[in-house]
Amino acid sequence: MGEWEAELDERARRQQLAAAMGGEERVARQHANGRLTVRERIARLLDEGSFREIGGLTGSATYDESGELKDFVPTNFVTGEGRVDGRRVVVAGDDFTVRGGAADASIHEKQTYAERMAGDMGMPLIRLIDGTGGGGSVKSLEDSGRTYVPHNPGWDVVVDNLARVPVVALALGPVAGLGAARLVTSHVAIGVRGIAQVFVAGPAVVEAGMGESVDKEQLGGIDVVAKAGTVDVVVDTEDDAFALTRRILSYLPVNSAVLPTRAETSDDPRRRSAALREAVPRDRRSPYDVRRLLAEVFDTDSVVELGRMFGRSTVTALARLDGWPVAVVASDPRFYGGGMTADGADKMTRFVDLAETFRLPVVHLVDQPGFVIGSAAERAGTIRHGARTLAAVYQSTVPWASVLVRRVFGVAGAAHRPHSRHTFRVAWPSGDWGSLPVEGGLEVAFKRMLAEAGEDAERLKAEIAERLEAVRSPFRTAEAFLVEDVIDPADTRPLLTDWVHSAYDVLAARPRESAPLPRP
């Protein structure tokens, strides 16, 4: 026997006890609820055999009268480093089988260690969240013999990481309180339909405090919170969530100090698309399928949309052009005609911040009729949210390409690019722009004249509209170099793939500026 054989045997025994998590009964209950254990999740997420656990011996031990280890309950937080498609990452997962993932059963230094390791070592962070709260239940107060003033240990590191490394958070069970805060303080939050819910407080607390009787799905089911923007993407299974996590990380650099990397692609960068010539209806009031445009312009099967169920008139997605990652902004004319809502503005602001943090060139396919108007829009504070979006766009420094697909109107339309610096901009023949659409602005601008026309008002209105129709042609704007070019829509992809190579050349030559302010 070796000199330290006894200690090595004890280490192996402690590791075995830690691997048992909350015990057979609680593991079986986790499986019965349709959820994997934290260790199964890590094994499925990471490259095979790449996980190196840190803090695996941390937990609560009991000893017999002779001082020998009697039992060991691991902390309910498993962390370490591993690899995703060969890239080093930090993974941090809640173990619901030990005290329901509540923070009172964990040692907070372990969470802080994981966050700090990711930030200081420049590795993406993946949070596997399956926890019922922050400080645990009031029952724990009897054990401590006192209450405490709330604070979030290590939260400064959590916030700092938003400007340092990609953070992807997965809701994999009931997520409440501090767990919910950890979920949304990320760059991308993913929720699994059916097994995950997200709320500040669960149904029992809501009923006691607010008198509202709801179940977990009604209160914070993933489809409910996705419509509120709490999670960015909804998937049907945990394996789908892991696959999506790997895919999202492939578009982002390992940290904000380096550039995103190019992927191999078989899609021809010179590919022209005749379908784009027919994509936009001549009737300006007719919607079209914006996702068809995305599929035609960007590399085949490369578009990953974020926040589809929230702020639905605004579309944000990660995509590739000739293998290079880009951040895509567009409008969906099937919702509010593509107009900017308060939720859509928040969605775009957050996405532009993501592009700025990780130096993703932005491609904006513009069809912006303006801010959504009306009493509901005013109650939502749309202009305040929209002005913040305008600020994010104008403060951005990454290369920017705008394709004016159709409408560009008003203050919201001015957010189609940062006008104070050079950007790439072209228009389609379907382009239509101004301070107000002719259809709505005519009655206002010629109100007195139309009123005085009496019975001839409709005829006069038609005459004015015909005159204005002639001057709203995009070619009139191009004559004055107020738009740089009007292109054949079929050439959109070749032009953008040329641009994206130059964009990355510029980013590679530019020294990394001080990190932007982190915002969840």
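As a reminder, the structure under discussion sits directly above these lines.
Residues numbered from 1 in each chain as written. Predicted model: local features only at pLDDT ≥ 70, side-chain atom pairs only at ≥ 80, totals over all residues. Heavy atoms only, no water.

### With respect to the overall build of the protein chain
No. 1: Along its length, the protein chain carries 21 helices and 18 strands.
No. 2: Principal-axis analysis of the C-alpha atoms gives the protein chain an extent of 105 × 55 × 40 Å.
No. 3: Going through the 520 residues of the protein chain one by one, you find that 49% of them count as buried.
No. 4: Taking all contacts inside the protein chain whose residues are at least 6 apart in sequence as the whole, residues at least 24 apart take part in 73%.
No. 5: Approximately 24700 Å² of the protein chain is accessible, and the part contributed by carbon and sulfur atoms is 53%.
No. 6: Seen as two clouds, the 63 positive and the 74 negative side-chain charges of the protein chain have centres 4 Å apart. (Helix = DSSP H or I, 4+ residues; strand = E, 2+ residues; numbered from the N terminus. Buried < 20%, exposed > 50% of the residue type's maximum accessible area, 1.4 Å probe, protein only. Contact = heavy atoms within 4.5 Å. Areas by Shrake-Rupley, 256 points an atom, 1.4 Å probe, with all protein chains shown as cover. Lys, Arg positive; Asp, Glu negative; His and termini not counted. Charge placed at Lys NZ, Arg CZ, Asp CG, Glu CD.)

### Digging into the pattern of salt bridges
No. 1: According to the stated counting rule, one finds 34 salt bridges in the structure shown.
No. 2: For aspartate 299, the salt bridge is made with arginine 493, and the minimal N-O distance between the two is 2.9 Å. Of this pair, aspartate 299 sits in the loop between α12 (290-297) and β12 (304-306) while arginine 493 sits in helix α21 (residues 492-509), and the two are 194 residues apart along the sequence.
No. 3: For aspartate 299, a relative accessible area of 3% puts it in the buried group.
No. 4: The exposure class of arginine 493 is buried, given its relative accessible area of 1%.
No. 5: Here the salt bridges share partners, and the residues they tie into one network are Arg291, Glu305, Arg308, Asp332 and Arg334. (Salt bridge = Lys/Arg side-chain N within 4 Å of Asp/Glu carboxyl O.)

### Points about unusual backbone geometry
With glycine set apart, most residues show a phi of negative sign, and most peptide bonds adopt trans.
No. 1: For aspartate 85, which is not glycine, the phi dihedral falls at a positive 50°.
No. 2: Along the chain, the position of aspartate 85 falls in the loop between β4 (77-84) and β5 (87-94).
No. 3: The class for aspartate 85 is exposed, based on a relative accessible area of 55%.
No. 4: Non-glycine residue aspartate 301 carries a positive phi angle of around 60°.
No. 5: Residue position: aspartate 301 is located in the loop between α12 and β12.

### Considering the packing of aromatic side chains
No. 1: The tally for this structure, following the rule as stated, stands at one aromatic pair.
No. 2: Between tryptophan 324 and tyrosine 504, the ring centres sit 4.2 Å apart and the planes meet at 25°, which makes this aromatic pair stacked. Here the residue tryptophan 324 occupies a position in strand β14 (residues 324-331), and tyrosine 504 occupies one in helix α21, the gap between them amounting to 180 residues. The residues tryptophan 324 and tyrosine 504 share a single accessibility class, namely buried.
No. 3: A cation over a ring is seen here: arginine 35 above phenylalanine 96, with NZ or CZ 4.5 Å from the ring centre.
No. 4: Directly above the aromatic system of tyrosine 251 lies the positively charged group of arginine 320, at a separation of 4.5 Å from the ring centroid. (Phe/Tyr/Trp six-rings, centres within 6.5 Å; stacked < 30°, edge-to-face > 60°. Lys NZ or Arg CZ within 6 Å of the ring centre and 35° of its normal.)

### Re the side chain of asparagine 76
No. 1: Structurally, asparagine 76 is set in the loop between β3 (69-74) and β4.
No. 2: Only 3.1 Å separates the side chain of asparagine 76 from the backbone oxygen of valine 98, close enough to count as a polar contact. (Polar contact = N/O pair within 3.5 Å; in protein donor to acceptor, adjacent residues only side chain to side chain.)

### Let's talk about the pairing of strand β9 (residues 188-192)
No. 1: Counting buried positions along β9 gives five out of five residues, so the element sits mostly inside the fold.
No. 2: Residues Val188, Ile190 and Val192 line one face of β9 and the alternating positions Ala189 and Gly191 line the opposite face, and both faces are buried.
No. 3: Pairing between strand β7 (residues 167-171) and β9: four bridges, direction parallel. Directly across from valine 168, in β9, lies its bridge partner valine 188.
No. 4: In this structure, β9 lies alongside strand β11 (residues 233-235), joined through three bridges in parallel fashion. Pairing of glycine 191 across the sheet is with valine 234, part of β11. (Pairing = 2+ DSSP bridges.)

### Things to note about empty space enclosed by the protein
No. 1: Evaluation of the coordinates by the stated rule reveals four cavities of 30 Å³ or more.
No. 2: Space inside the second largest cavity adds up to approximately 50 Å³.
No. 3: Lining the second largest cavity are 13 residues, with Ala18, Arg39, Pro74, Thr75 and Val78 sitting closest to its centre.
No. 4: Within the lining of the second largest cavity, the residues separate by chemical class into five nonpolar, four polar and four charged. (1 Å grid on protein atoms, 1.4 Å probe; cavity = no way out; pocket = protein on both sides within 12 Å on 5 of 7 lines; lining within 4 Å. Points joined across faces, edges and corners; volume = space filled by probe spheres on them. Nonpolar A, V, L, I, M, F, W, Y, C, P; charged D, E, K, R; others polar.)

### A few points about the packing of helix α13 (residues 342-357) against helix α15 (residues 382-395)
No. 1: At their nearest, the axes of α13 and α15 sit 8 Å apart, and the two run at 20° to each other. Here α15 runs roughly parallel to α13, going by the angle between their axes. Between α13 and α15 lies a crossing whose hand is left-handed. Along the contact surface, α13 presents Ala342, Ala345, Asp346, Met348, Thr349, Val352, Asp353 and Glu356, while α15 presents Thr382, His385, Gly386, Arg388, Thr389, Ala392, Val393 and Gln395. (Axes fitted to C-alpha atoms, helices over the stretch in contact; angles between N-to-C directions. Parallel < 35°, antiparallel > 145°, perpendicular 65-115°, else oblique. Left-handed = near helix turned anticlockwise from the far one by under 90°.)

### Description of the environment of alanine 451
No. 1: Its place among the elements puts alanine 451 in helix α18 (residues 447-453).
No. 2: Distance in space between the C-alpha atoms of alanine 451 and valine 235 is 56 Å, their sequence separation being 216 residues.

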